[in-house]
Amino acid sequence: MKKDSTLYRGRYLTLIERDRWELVSRSNARCVVALVAVTPADEIVLVEQHRKPVDSSVIEIPAGLVGDVTDRDESVLVAAARELEEETGFVAEHMELIMECPGSAGMSDEIIAFVRAKNLTRVGPGGGDASENIIVHVVPLSGIDDWLSDQQAAGKLLDPKVYTALYWLLRDASAN
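Residue numbers run consecutively from 1 along every chain, following the written order of its sequence. Selection of residues for local features in this predicted model requires a pLDDT of at least 70, selection of side-chain atom pairs for listing and counting requires 80 or more, and totals for whole chains, interfaces and linings are taken over all residues. Note: side-chain values were computed over all heavy atoms of the structure, leaving out hydrogens and water.

> Could you clarify how one ought to interpret the overall build of the protein in this entry?
Working definition: helices are DSSP H or I runs of at least four residues, strands are E runs of at least two. Numbering for both runs from the N terminus. Regarding its fold elements, the protein presents three helices and eleven strands. Referenced to the eigenvectors of the C-alpha coordinate spread, the extents of the protein come out at roughly 50 × 35 × 35 Å. Across the 176 residues of the protein, 38% fall into the buried class. Considering only contacts in the protein between residues 6 or more positions apart, those separated by 24 or more positions represent 60%. In short, Shrake-Rupley with a 1.4 Å probe defines the accessible areas, and a residue's cover is counted only from the protein chains shown. Approximately 10200 Å² of the protein is accessible, and the part contributed by carbon and sulfur atoms is 51%. Each charge sign in the protein was given a centre, from 18 positive and 29 negative side chains, and these centres are 6 Å apart. Exposure is judged per residue with a 1.4 Å probe applied to protein chains only, and the accessible area is read against the type maximum: over 50% gives exposed, under 20% gives buried, and values in between give partly exposed. Any two residues having at least one pair of non-hydrogen atoms within 4.5 Å are treated as being in contact. Counting rule applied: Lys, Arg positive; Asp, Glu negative; His and chain ends not counted. Every charge is mapped onto a representative atom, which is NZ of Lys, CZ of Arg, CG of Asp or CD of Glu.

What follows is the structure, given as structure tokens:
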């Protein structure tokens, strides 16, 4: 039986002690959605933004919170469509849930829902909402390794979820 004690509650995060283990819980959303998004021309859609916790620009797959806007019970696929268009300016003809998994099981109870976005069409510039300054990168899969190496050499951090997305894309390609 788990016994939680709240050690600190912020606006968006809560520090909890559970059975003598300290962990962080997100109080403003029910999970995170992360998008594996590829254009019909076999380009992966990535985003770049400055992240305050690491004080650096980070290359990431598009992602956002589920249930943080209006409806706590928002579906993962509805949130995925909203975040894809808001961050990247793309909409997808088809979206499917790949899997749900912990993002950092030793530190947080947050769950990440990975969603595959197919048959993308660009409908706007992206860039995020008023609180974000997102740069959209559309990178050919054939040159992704060199592109990521160049970004890292330029001092940008690479979110490991990019490599998770590439795994699923390579797995999809080998199945076809």
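> Before we go on, may I ask you to explain the packing of aromatic side chains in this structure?
Two measures describe an aromatic ring pair: the distance that separates the ring centres and the angle between the ring planes. For Phe, Tyr and Trp, rings pair up if their centres lie within 6.5 Å, where Trp contributes its six-membered ring, and each pair is then called stacked (planes under 30 degrees apart), edge-to-face (over 60) or tilted (otherwise). Tallied over the entire structure, the rule returns two aromatic pairs. Clustering of aromatic rings is evident, with ring pairs tying together F114, Y167 and W168.

> Explain the sheet that holds strand β8 (residues 90-102) here, please?
Strand pairing in a sheet relies on backbone hydrogen bonds, with the paired strands running either antiparallel or parallel. Pairing between strands is defined by DSSP: at least two bridges between the two strands are required. Read from one edge of the open sheet, four strands run β7-β4-β9-β8, paired in mixed fashion. Only two strands of the sheet have a single partner each, and these edge strands are β7 (63-66) and β8. Adjacent strand axes in the sheet meet at a mean angle of 30 degrees, parallel and antiparallel pairs treated alike. Angles run from 0 to 180 degrees between N-to-C directions of axes, and those axes are lines fitted to C-alpha atoms, restricted for helices to the stretch in contact.

> I'm lost on the pattern of salt bridges in this one. Help?
Once the charged atoms of two side chains with opposite charge are near each other, the side chains can pair. A carboxyl oxygen of Asp or Glu within 4 Å of a side-chain nitrogen of Lys or Arg is what we treat as a salt bridge. Within the structure shown, the criterion is met by nine salt bridges. One salt bridge in this structure joins E48 and K156, with 3.2 Å as the shortest N-O distance. Of the two residues, E48 is situated in strand β5 (residues 43-51) and K156 in the loop between α2 (144-153) and β11 (157-158); the sequence distance between them amounts to 108 residues. Among the residues examined, E48 registers a relative accessible area of 6% and is labelled buried. Between E83 and R82 there is a salt bridge whose closest N-O contact spans 2.8 Å. Look at E83 and you get buried, because its relative accessible area is 5%.

> Is there a simple way to explain the sheet that holds strand β1 (residues 4-9) in this structure?
With antiparallel pairing, the three strands of this open sheet are ordered in space as β1-β2-β3. A strand with exactly one partner marks an edge of an open sheet, and here the two such strands are β1 and β3 (21-26). Between one strand axis and the next, the sheet turns through 30 degrees on average, direction left out of account. Pairing analysis gives five bridges linking β1 to strand β2 (residues 13-18), with the strands arranged antiparallel. Within the sheet, the bridge partner assigned to S5 lies in β2 and is E17.

> Just to check I follow, could you spell out a nonpolar patch on the surface for this structure?
There is a patch of nonpolar side chains on the surface, built from L7, Y8 and L15 and spanning about 290 Å² of accessible area. With respect to the helices and strands, the residue L15 is situated in strand β2. Residue L15 is classed as partly exposed on the basis of its relative accessible area, which comes to 31%. Like charges are joined within 9 Å and nonpolar side chains (Val, Leu, Ile, Met, Phe, Trp, Tyr) within 5 Å, but only among residues with over 30% relative accessible area and no salt bridge; these make up the patches.

> Looking at this structure, I do not really get unusual backbone geometry. What am I missing?
Most peptide bonds take the trans form, and the phi angle of most residues other than glycine is negative. Phi is positive for D55, close to 45 degrees, though the residue is something other than glycine. In this fold, D55 is placed in the loop between β5 and β6 (56-60). Residue D55 is classed as exposed on the basis of its relative accessible area, which comes to 60%. Of note, N119 is a non-glycine position whose phi angle comes to about 55 degrees, a positive value.

What is shown is where atoms sit, not what they do.
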